[in-house]
Each structure stands twice: as structure tokens, then as C-alpha cells.
Amino acid sequence: MNIELRNLKDFLGLYNRVTELCFSSCVDNFNVRDLSPEEVRCAENCVGKFTNTNQRLMQVYMDVQGKINERRYAEVEALQAKQEAELLQQQQQQQQELADSQLPVNGGTSGDSGPEPANLTPVATN
């Protein structure tokens, strides 16, 4: 549904509820065509209270929703940072495993650091 259309429907629904609420609580004499001064005052007070209350609630909602959004944004950032750190750690571990697998392997003990030196003994010449 289109956002503007939904907003219009919400507004009209709210307007109809306020009208019905204020009319039913303020108008009680149906013998005359016009509203009495008391009924007019009551209806104005009713609509004014509703409007002020609605504005206050919307302000509180916006403040609270803003804080909630900030907290969620911080949580998402923390989660992304954690995932990036884990990915980096996995990459480093894979690089280390790759480097370890490329080391020369001898048939000797695990402490060997390379090929054994050749036995060089001087040969006597005449």
C-alpha cells in the first residue's frame, strides 16, 4: 500500500475517533439545532486535550524511538566488528597453516631445521 494513502487512512481514522469521542461526551441536547456555549467549550477542550496529548505522545515516541535506533545501530556495528575480527582471525590462521604446510619436511626429528650438511673431509693429494 502506498505510504501517503496509509497515512491519510490513519489520519482519517484518528479524526473520526476524536470526533465521535468528543461528540458523545459533550453533546447531550438534541432538541436544538445549534450547540450551546457549554457544548462548544466542552468540544473545544476535548479536541484541544486530545491534540496536546497526541503531540506529547508523538514527541516521547520520537525520542524513545531515536534512542532505540541508536542502540540497535551500535549493536549492529559491534556485531559487524566482531564478525570482521573473526574473519581476520580465520584468515590469519589459514595463512599460518599454509605457511606451515610449505616448510620442508625431513625424515629426521621434528627439531631439524634443514638438510644435513655434507661430510667434508680433506683429501690428501700427492
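Thresholds, definitions, all that
- Residues numbered from 1 in each chain as written.
- Predicted model: local features only at pLDDT ≥ 70, side-chain atom pairs only at ≥ 80, totals over all residues.
- Heavy atoms only, no water.
- Patch = residues over 30% accessible without salt bridge, like charges linked within 9 Å, V, L, I, M, F, W, Y side chains within 5 Å.
- Areas by Shrake-Rupley, 256 points an atom, 1.4 Å probe, with all protein chains shown as cover.
- Salt bridge = Lys/Arg side-chain N within 4 Å of Asp/Glu carboxyl O.
- Helix = DSSP H or I, 4+ residues; strand = E, 2+ residues; numbered from the N terminus.
- Disulfide = S-S within 2.5 Å.
- Buried < 20%, exposed > 50% of the residue type's maximum accessible area, 1.4 Å probe, protein only.

Draft legend 1. Representation of a nonpolar patch on the surface. Judged by side-chain polarity, Leu5, Leu8, Phe11, Leu12 and Tyr15 come together as a nonpolar surface patch covering roughly 510 Å² of accessible area. The topology assignment puts Leu5 in helix 1 (residues 3-26).

Draft legend 2. The arrangement of the state of the cysteines in detail. Scanning the model with the defined rule gives two disulfides in all. Each sulfur of the disulfide joining Cys22 and Cys46 lies 2.0 Å from the other. For the disulfide bridge between Cys22 and Cys46, the dihedral angle about the S-S bond is near -80°, and by the sign convention the bridge is left-handed. You can see Cys22 sitting in helix 1 and its partner Cys46 sitting in helix 2 (residues 37-101), a full 24 residues away along the chain. Accessibility expressed as a relative area gives 4% for Cys22, which makes it buried. Judged by its relative accessible area of 16%, Cys46 falls in the buried class. Between the sulfur atoms of Cys26 and its disulfide partner Cys42 the distance amounts to 2.0 Å. Between Cys26 and Cys42, the disulfide has an S-S torsion of -70° and is therefore left-handed. Here Cys42 lies in helix 2 and Cys26 lies in helix 1, a separation of 16 residues in the sequence. A relative accessible area of 28% places Cys42 in the partly exposed class. Going through the chain in sequence order and numbering each bonded cysteine, the pairs you get are 1-4, 2-3.

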